[in-house]
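Understanding the architecture of this molecule
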Amino acid sequence: MTARPGPMRTAHRAARRSASRRVSRVEIIRELLARGDRTRLSRRLHRRVSLIVDGGGRVLAPSSPVLGRDDVSRALVDLLGPASGWISSIVEVNGAPAVVFHDGSRVAGVLSLRIRACHVSGMWAVVNPDKLRHWNTP
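Summary of the structure given here. Counting of residues starts from 1 at the beginning of each chain's written sequence and follows it residue by residue. Totals for whole chains, interfaces and linings use every residue, but because this is a predicted model, local features are given only for residues with pLDDT of at least 70 and side-chain atom pairs only at 80 or more, for both listing and counting. Note: side-chain values were computed over all heavy atoms of the structure, leaving out hydrogens and water.

1. What to know about the pattern of salt bridges
- Salt bridge, as applied in this entry: a Lys or Arg side-chain nitrogen positioned within 4 Å of an Asp or Glu carboxyl oxygen. The tally for this structure, following the rule as stated, stands at seven salt bridges.
- A salt bridge links aspartate 78 to arginine 38; the nearest nitrogen and oxygen atoms lie 2.5 Å apart. Here the residue aspartate 78 occupies a position in helix α3 (residues 69-80), and arginine 38 occupies one in helix α2 (residues 38-43), the gap between them amounting to 40 residues.
- Of the charged contacts in the structure, one is a salt bridge between lysine 131 and aspartate 54, with a shortest N-O distance of 2.5 Å. Here the residue lysine 131 occupies a position in the loop between β6 (119-126) and α4 (133-136), and aspartate 54 occupies one in strand β1 (residues 45-54), the gap between them amounting to 77 residues.
- The network of salt bridges with shared partners includes Arg58, Asp130 and Arg133. Every helix listed is a DSSP run of H or I at least four residues long, and every strand listed is a run of E at least two residues long, numbered separately from the N terminus.

Given below as structure tokens:
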């Protein structure tokens, strides 16, 4: 007779798989942004996705929420895509995977994502240099 995993072990495995899927989805978003591929990026977004960008009035960024997959994918590529020249990496921010954009040794932006089922349903980008100061302090 083989022992079955207890409910705690099963829940832990499910949580680990879920976290792994979130990270892989964030990796896909990062990759699509790096390529500037709006069409494929749009397919990863929920049709009613929202993007809120905090530029603090110091960085050219949308001043109101951007809504809908086409407008959000366009705004993201314009703001964080290959033309920005930024290099991205994946980190954990507030317990969830996020994309950090580097301009040389300086953090230039942080993109947090809310992922529901198979799509990104919400995004928050911080590109305000004042709010990124703690990321850039040695």
